[in-house]
Amino acid sequence: MSRWKGLPESLDHRVRYLIVQLRRLKDHSGLSLAALAARTSYSKSSWERYLNGKKLPPREAVEALARICAADTTRLLALHEVAAQAWHAERPQAGAETEAEAGAGAGAGAERDEAAVAAGPAATAVPAVPAAPAVRGVPAAAPAGRQVPLRPLVLGALAVLVMAGAALLVARLWEDASGIGSSGVDAVPAVSGTGAAPAFTRRPGEAFPCSVQRRAGALYAGHSRTGTAILGRGATGWDVVEAQCLLHRQGYDPGVVDGIVGGKTLRAVKRLQARAGLPTDGIVGPDTWKVLRR
(Lines give C-alpha, C1' and ligand atoms only; values in the text may rest on other atoms or scores of the structure.)
Protein backbone atom coordinates (compact mmCIF):
# COMPACT_ATOMS: atom_id res chain seq x y z
CA MET A 1 0.00 0.00 0.00
CA SER A 2 1.26 3.52 -0.82
CA ARG A 3 2.77 5.74 1.85
CA TRP A 4 0.70 8.87 1.48
CA LYS A 5 1.67 12.33 2.68
CA GLY A 6 -0.53 13.91 5.32
CA LEU A 7 -3.28 16.08 3.88
CA PRO A 8 -3.15 19.85 4.58
CA GLU A 9 -4.72 20.76 7.94
CA SER A 10 -6.64 23.62 6.28
CA LEU A 11 -8.47 21.18 3.96
CA ASP A 12 -12.26 21.09 4.49
CA HIS A 13 -13.40 17.75 5.94
CA ARG A 14 -15.71 17.12 2.94
CA VAL A 15 -12.78 17.50 0.51
CA ARG A 16 -10.61 15.39 2.83
CA TYR A 17 -13.20 12.58 2.82
CA LEU A 18 -13.34 12.52 -1.00
CA ILE A 19 -9.54 12.36 -1.31
CA VAL A 20 -9.32 9.56 1.28
CA GLN A 21 -11.83 7.53 -0.77
CA LEU A 22 -9.85 8.13 -4.00
CA ARG A 23 -6.60 7.11 -2.29
CA ARG A 24 -8.17 3.85 -1.12
CA LEU A 25 -9.37 3.06 -4.64
CA LYS A 26 -5.92 3.71 -6.06
CA ASP A 27 -4.25 1.55 -3.39
CA HIS A 28 -6.70 -1.35 -3.85
CA SER A 29 -6.22 -1.25 -7.62
CA GLY A 30 -2.44 -1.66 -7.28
CA LEU A 31 -1.90 0.96 -9.98
CA SER A 32 0.93 3.48 -9.79
CA LEU A 33 0.45 7.15 -10.64
CA ALA A 34 2.17 6.51 -13.96
CA ALA A 35 -0.27 3.66 -14.70
CA LEU A 36 -3.21 5.93 -13.84
CA ALA A 37 -1.86 8.54 -16.23
CA ALA A 38 -1.55 5.92 -18.98
CA ARG A 39 -5.16 4.79 -18.55
CA THR A 40 -6.76 8.24 -18.20
CA SER A 41 -6.52 11.66 -19.83
CA TYR A 42 -4.67 13.14 -16.85
CA SER A 43 -0.90 13.25 -16.29
CA LYS A 44 1.07 11.65 -13.46
CA SER A 45 1.74 15.10 -11.93
CA SER A 46 -1.99 15.92 -12.07
CA TRP A 47 -2.87 12.72 -10.16
CA GLU A 48 -0.16 13.56 -7.61
CA ARG A 49 -1.79 16.96 -7.00
CA TYR A 50 -5.31 15.49 -6.80
CA LEU A 51 -4.42 12.72 -4.33
CA ASN A 52 -2.37 14.97 -2.06
CA GLY A 53 -5.05 17.66 -1.66
CA LYS A 54 -3.18 20.31 -3.66
CA LYS A 55 -5.93 20.59 -6.25
CA LEU A 56 -9.55 19.43 -6.49
CA PRO A 57 -9.80 16.62 -9.08
CA PRO A 58 -12.21 17.34 -11.95
CA ARG A 59 -15.46 15.39 -12.09
CA GLU A 60 -14.18 13.52 -15.17
CA ALA A 61 -11.03 12.37 -13.32
CA VAL A 62 -13.14 10.98 -10.44
CA GLU A 63 -15.39 9.22 -12.94
CA ALA A 64 -12.38 7.74 -14.78
CA LEU A 65 -10.84 6.39 -11.54
CA ALA A 66 -14.17 4.87 -10.49
CA ARG A 67 -14.51 3.18 -13.88
CA ILE A 68 -10.95 1.75 -13.79
CA CYS A 69 -11.42 0.43 -10.22
CA ALA A 70 -15.01 -0.82 -10.79
CA ALA A 71 -16.23 1.40 -7.90
CA ASP A 72 -19.63 2.97 -7.23
CA THR A 73 -19.47 5.88 -9.69
CA THR A 74 -22.72 7.49 -8.52
CA ARG A 75 -21.59 7.66 -4.88
CA LEU A 76 -18.15 9.05 -5.77
CA LEU A 77 -19.64 11.73 -8.04
CA ALA A 78 -22.05 12.75 -5.27
CA LEU A 79 -19.11 13.08 -2.85
CA HIS A 80 -17.29 15.12 -5.51
CA GLU A 81 -20.25 17.51 -5.84
CA VAL A 82 -20.27 18.11 -2.07
CA ALA A 83 -16.47 18.54 -1.96
CA ALA A 84 -16.53 20.91 -4.95
CA GLN A 85 -19.00 23.21 -3.18
CA ALA A 86 -16.74 23.41 -0.12
CA TRP A 87 -13.58 23.85 -2.26
CA HIS A 88 -15.02 26.65 -4.41
CA ALA A 89 -16.51 28.42 -1.38
CA GLU A 90 -13.01 28.78 0.06
CA ARG A 91 -11.30 29.40 -3.31
CA PRO A 92 -13.60 31.42 -5.63
CA GLN A 93 -11.04 31.35 -8.47
CA ALA A 94 -10.60 27.56 -8.31
CA GLY A 95 -13.85 26.80 -10.15
CA ALA A 96 -12.70 28.17 -13.51
CA GLU A 97 -9.32 26.39 -13.21
CA THR A 98 -10.96 23.01 -12.49
CA GLU A 99 -13.39 23.40 -15.40
CA ALA A 100 -10.53 24.33 -17.74
CA GLU A 101 -8.53 21.27 -16.70
CA ALA A 102 -11.58 19.02 -17.12
CA GLY A 103 -12.01 20.36 -20.63
CA ALA A 104 -8.35 19.70 -21.44
CA GLY A 105 -8.73 16.04 -20.44
CA ALA A 106 -11.88 15.39 -22.41
CA GLY A 107 -10.00 13.84 -25.36
CA ALA A 108 -10.23 13.85 -29.12
CA GLY A 109 -13.83 12.60 -29.14
CA ALA A 110 -15.13 15.82 -27.61
CA GLU A 111 -13.11 17.85 -30.12
CA ARG A 112 -14.76 15.99 -32.98
CA ASP A 113 -18.19 16.67 -31.51
CA GLU A 114 -17.41 20.37 -31.13
CA ALA A 115 -16.21 20.53 -34.73
CA ALA A 116 -19.46 18.95 -35.90
CA VAL A 117 -21.53 21.43 -33.89
CA ALA A 118 -19.44 24.38 -35.11
CA ALA A 119 -20.11 23.32 -38.72
CA GLY A 120 -23.76 24.03 -37.98
CA PRO A 121 -26.50 23.73 -40.56
CA ALA A 122 -24.03 23.61 -43.44
CA ALA A 123 -22.85 20.17 -42.33
CA THR A 124 -26.33 18.67 -42.07
CA ALA A 125 -28.28 20.51 -44.74
CA VAL A 126 -30.45 18.37 -47.03
CA PRO A 127 -29.68 18.79 -50.75
CA ALA A 128 -32.27 20.74 -52.65
CA VAL A 129 -34.96 18.65 -54.32
CA PRO A 130 -36.14 19.76 -57.77
CA ALA A 131 -39.60 21.28 -57.64
CA ALA A 132 -42.36 19.06 -58.96
CA PRO A 133 -44.23 20.35 -62.00
CA ALA A 134 -47.23 22.47 -61.06
CA VAL A 135 -50.62 20.85 -61.39
CA ARG A 136 -53.46 23.06 -62.55
CA GLY A 137 -55.71 24.05 -59.66
CA VAL A 138 -53.21 22.95 -56.99
CA PRO A 139 -50.92 25.59 -55.48
CA ALA A 140 -47.20 24.91 -55.78
CA ALA A 141 -45.40 23.76 -52.61
CA ALA A 142 -43.12 26.23 -50.87
CA PRO A 143 -39.41 25.64 -51.47
CA ALA A 144 -37.82 23.40 -48.85
CA GLY A 145 -35.63 25.18 -46.28
CA ARG A 146 -32.53 23.93 -44.56
CA GLN A 147 -32.93 21.15 -42.01
CA VAL A 148 -32.48 22.18 -38.38
CA PRO A 149 -29.33 20.47 -36.96
CA LEU A 150 -30.35 17.92 -34.32
CA ARG A 151 -27.00 17.21 -32.63
CA PRO A 152 -26.83 20.49 -30.60
CA LEU A 153 -30.44 20.05 -29.47
CA VAL A 154 -29.88 16.44 -28.35
CA LEU A 155 -26.63 17.30 -26.54
CA GLY A 156 -28.30 20.25 -24.80
CA ALA A 157 -31.24 18.14 -23.63
CA LEU A 158 -28.92 15.42 -22.29
CA ALA A 159 -26.83 18.02 -20.44
CA VAL A 160 -29.95 19.43 -18.76
CA LEU A 161 -31.09 15.95 -17.66
CA VAL A 162 -27.65 15.07 -16.24
CA MET A 163 -27.42 18.35 -14.32
CA ALA A 164 -30.94 17.91 -12.90
CA GLY A 165 -30.16 14.37 -11.76
CA ALA A 166 -26.89 15.47 -10.13
CA ALA A 167 -28.67 18.31 -8.32
CA LEU A 168 -31.28 15.93 -6.89
CA LEU A 169 -28.60 13.46 -5.79
CA VAL A 170 -26.54 16.18 -4.06
CA ALA A 171 -29.67 17.54 -2.35
CA ARG A 172 -30.49 14.08 -1.02
CA LEU A 173 -26.91 13.57 0.19
CA TRP A 174 -26.99 16.88 2.06
CA GLU A 175 -30.32 15.93 3.64
CA ASP A 176 -28.83 12.66 4.89
CA ALA A 177 -25.60 14.32 6.05
CA SER A 178 -27.39 17.05 7.99
CA GLY A 179 -29.98 14.69 9.47
CA ILE A 180 -33.02 16.13 7.65
CA GLY A 181 -35.39 13.68 5.96
CA SER A 182 -39.03 13.44 5.02
CA SER A 183 -39.52 10.34 7.11
CA GLY A 184 -37.85 11.87 10.17
CA VAL A 185 -35.51 8.92 10.59
CA ASP A 186 -32.40 11.10 10.39
CA ALA A 187 -33.89 14.21 11.92
CA VAL A 188 -32.47 16.04 14.93
CA PRO A 189 -34.90 15.55 17.82
CA ALA A 190 -37.44 18.36 18.10
CA VAL A 191 -37.60 20.53 21.22
CA SER A 192 -40.53 19.49 23.35
CA GLY A 193 -43.56 21.70 22.78
CA THR A 194 -42.13 23.64 19.81
CA GLY A 195 -41.96 21.01 17.05
CA ALA A 196 -38.78 22.67 15.67
CA ALA A 197 -35.23 21.34 15.71
CA PRO A 198 -33.03 23.45 18.03
CA ALA A 199 -30.18 25.39 16.45
CA PHE A 200 -26.75 24.28 17.68
CA THR A 201 -25.30 26.84 20.07
CA ARG A 202 -22.55 26.42 22.63
CA ARG A 203 -21.24 28.70 25.36
CA PRO A 204 -17.53 28.54 26.32
CA GLY A 205 -16.93 25.71 28.75
CA GLU A 206 -20.38 24.18 28.18
CA ALA A 207 -20.73 20.38 28.05
CA PHE A 208 -23.83 18.57 26.76
CA PRO A 209 -25.51 15.69 28.63
CA CYS A 210 -25.50 12.11 27.33
CA SER A 211 -28.40 9.73 27.86
CA VAL A 212 -27.72 6.75 25.58
CA GLN A 213 -30.55 4.28 25.04
CA ARG A 214 -31.08 1.35 22.70
CA ARG A 215 -34.02 1.69 20.31
CA ALA A 216 -34.90 -0.81 17.60
CA GLY A 217 -31.52 -2.50 18.08
CA ALA A 218 -29.41 0.68 17.76
CA LEU A 219 -27.91 3.12 20.29
CA TYR A 220 -29.11 6.75 20.37
CA ALA A 221 -28.07 9.61 22.67
CA GLY A 222 -31.00 11.86 21.76
CA HIS A 223 -29.07 14.56 19.89
CA SER A 224 -29.15 13.22 16.29
CA ARG A 225 -30.28 10.08 14.49
CA THR A 226 -27.99 10.41 11.48
CA GLY A 227 -26.06 7.46 10.18
CA THR A 228 -24.49 9.22 7.19
CA ALA A 229 -23.08 12.57 8.39
CA ILE A 230 -19.37 13.02 7.65
CA LEU A 231 -17.46 14.48 10.60
CA GLY A 232 -13.80 15.44 10.39
CA ARG A 233 -11.47 17.68 12.39
CA GLY A 234 -13.14 21.00 13.19
CA ALA A 235 -16.71 19.82 12.51
CA THR A 236 -19.37 21.13 14.90
CA GLY A 237 -23.05 20.50 15.60
CA TRP A 238 -25.53 18.07 17.11
CA ASP A 239 -24.15 15.19 15.00
CA VAL A 240 -20.79 15.71 16.77
CA VAL A 241 -22.49 15.73 20.20
CA GLU A 242 -24.19 12.44 19.29
CA ALA A 243 -20.90 10.87 18.15
CA GLN A 244 -19.09 12.00 21.34
CA CYS A 245 -21.81 10.49 23.55
CA LEU A 246 -21.67 7.20 21.63
CA LEU A 247 -17.85 7.15 21.90
CA HIS A 248 -18.23 7.42 25.68
CA ARG A 249 -20.71 4.51 25.63
CA GLN A 250 -18.28 2.40 23.56
CA GLY A 251 -15.48 3.04 26.08
CA TYR A 252 -13.47 5.67 24.19
CA ASP A 253 -13.01 9.05 25.87
CA PRO A 254 -13.55 11.95 23.40
CA GLY A 255 -12.95 14.55 26.11
CA VAL A 256 -15.61 17.14 26.91
CA VAL A 257 -18.89 16.55 25.04
CA ASP A 258 -18.87 20.02 23.49
CA GLY A 259 -20.04 19.34 19.91
CA ILE A 260 -16.61 20.07 18.39
CA VAL A 261 -14.28 17.51 16.77
CA GLY A 262 -10.95 18.30 18.40
CA GLY A 263 -7.76 16.31 18.89
CA LYS A 264 -9.08 14.12 21.71
CA THR A 265 -12.27 13.23 19.82
CA LEU A 266 -10.18 12.47 16.73
CA ARG A 267 -7.95 10.07 18.69
CA ALA A 268 -10.99 8.34 20.22
CA VAL A 269 -12.48 7.81 16.75
CA LYS A 270 -9.21 6.31 15.49
CA ARG A 271 -9.06 3.86 18.39
CA LEU A 272 -12.67 2.80 17.72
CA GLN A 273 -11.91 2.35 14.01
CA ALA A 274 -8.80 0.28 14.77
CA ARG A 275 -10.82 -2.05 17.02
CA ALA A 276 -13.51 -2.44 14.34
CA GLY A 277 -11.01 -3.11 11.55
CA LEU A 278 -11.82 0.14 9.72
CA PRO A 279 -9.28 2.52 8.14
CA THR A 280 -8.01 4.73 10.98
CA ASP A 281 -8.50 8.11 9.30
CA GLY A 282 -10.32 9.71 12.24
CA ILE A 283 -13.29 10.68 10.03
CA VAL A 284 -16.76 9.62 11.18
CA GLY A 285 -18.61 8.34 8.10
CA PRO A 286 -21.35 5.76 7.44
CA ASP A 287 -19.17 2.75 8.42
CA THR A 288 -18.05 4.37 11.70
CA TRP A 289 -21.64 5.34 12.57
CA LYS A 290 -22.66 1.68 12.22
CA VAL A 291 -20.02 0.70 14.81
CA LEU A 292 -21.00 3.55 17.15
CA ARG A 293 -24.68 2.56 17.13
CA ARG A 294 -24.12 -1.18 17.76
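Residues numbered from 1 in each chain as written. Predicted model: local features only at pLDDT ≥ 70, side-chain atom pairs only at ≥ 80, totals over all residues. Heavy atoms only, no water.

Visitor: Could you clarify how one ought to interpret the overall build of the protein chain in this entry?
Guide: Regarding its fold elements, the protein chain presents twelve helices and two strands. Ordered by position in the sequence, the α and β elements of the protein chain form the string α-α-α-α-α-α-α-α-α-β-β-α-α-α. The buried share of the protein chain, reckoned over its 294 residues, is 37%. Once local pairs closer than 6 in sequence are excluded, the contacts in the protein chain between residues at least 24 apart make up 57%. Of the roughly 16,800 Å² that the protein chain leaves accessible, carbon and sulfur atoms contribute 58%. (Helix = DSSP H or I, 4+ residues; strand = E, 2+ residues; numbered from the N terminus. Buried < 20%, exposed > 50% of the residue type's maximum accessible area, 1.4 Å probe, protein only. Contact = heavy atoms within 4.5 Å. Areas by Shrake-Rupley, 256 points an atom, 1.4 Å probe, with all protein chains shown as cover.)

Visitor: In this structure, what is going on with the state of the cysteines? I would like to understand it.
Guide: Here, the word disulfide means a covalent bond between the sulfur atoms of two cysteines. The tally for this structure, following the rule as stated, stands at one disulfide. Between Cys210 and Cys245 runs a disulfide, and the two sulfur atoms are separated by 2.0 Å. Taking the torsion about the sulfur-sulfur bond, which here is approximately -75 degrees, the covalent link between Cys210 and Cys245 counts as left-handed. Of this pair, Cys210 sits in the loop between helix H9 (151-178) and strand E1 (213-215) while Cys245 sits in helix H10 (residues 238-250), and the two are 35 residues apart along the sequence. For Cys210, a relative accessible area of 37% gives the class partly exposed. (Disulfide = S-S within 2.5 Å.)

Visitor: Just checking my understanding: could you explain the side chain of Asn52 for this structure?
Guide: Tracing the backbone shows Asn52 in the loop between helix H3 (44-51) and helix H4 (59-68). Among the residues examined, Asn52 registers a relative accessible area of 10% and is labelled buried. If near-sequence neighbours (up to four positions away) are discounted, Asn52 is found in contact with Trp4, Lys5, Leu7, Pro8 and Arg23.

Visitor: I keep staring at helix H5 (residues 73-90) and nothing clicks. Help me out?
Guide: Structural remark: α-helix, 3.6 residues per turn; residues separated by three or four positions point the same way. Along its 18 residues, H5 runs 26 Å from first to last C-alpha, staying within 8% of the 26 Å computed at 1.5 Å per residue. Those residues of H5 that fall on the buried side of the exposure criterion are Leu76, Leu77, Ala78, Leu79, His80, Val82, Ala83, Ala84, Ala86 and Trp87. Its side-chain oxygen at 3.3 Å from the backbone nitrogen of Thr74, Asp72 defines the N-terminal cap of H5. (Expected span 1.5 Å × (residues − 1). Polar contact = N/O pair within 3.5 Å; in protein donor to acceptor, adjacent residues only side chain to side chain.)

Visitor: Explain the pattern of salt bridges here, please?
Guide: When their charged atoms lie close together, side chains carrying opposite charge are able to pair. For the structure shown, the criterion picks out eight salt bridges. Here Arg14 ties to Asp12 by a salt bridge, and the two come within 2.9 Å at their closest N and O atoms. Using a relative accessible area of 13% as the deciding quantity, one classes Asp12 as buried. Residue Arg59 pairs with Glu81 through a salt bridge whose shortest N-O separation is 3.0 Å. Taken together, the residues Arg59 in helix H4 and Glu81 in helix H5 connect sequence positions 22 residues apart. (Salt bridge = Lys/Arg side-chain N within 4 Å of Asp/Glu carboxyl O.)

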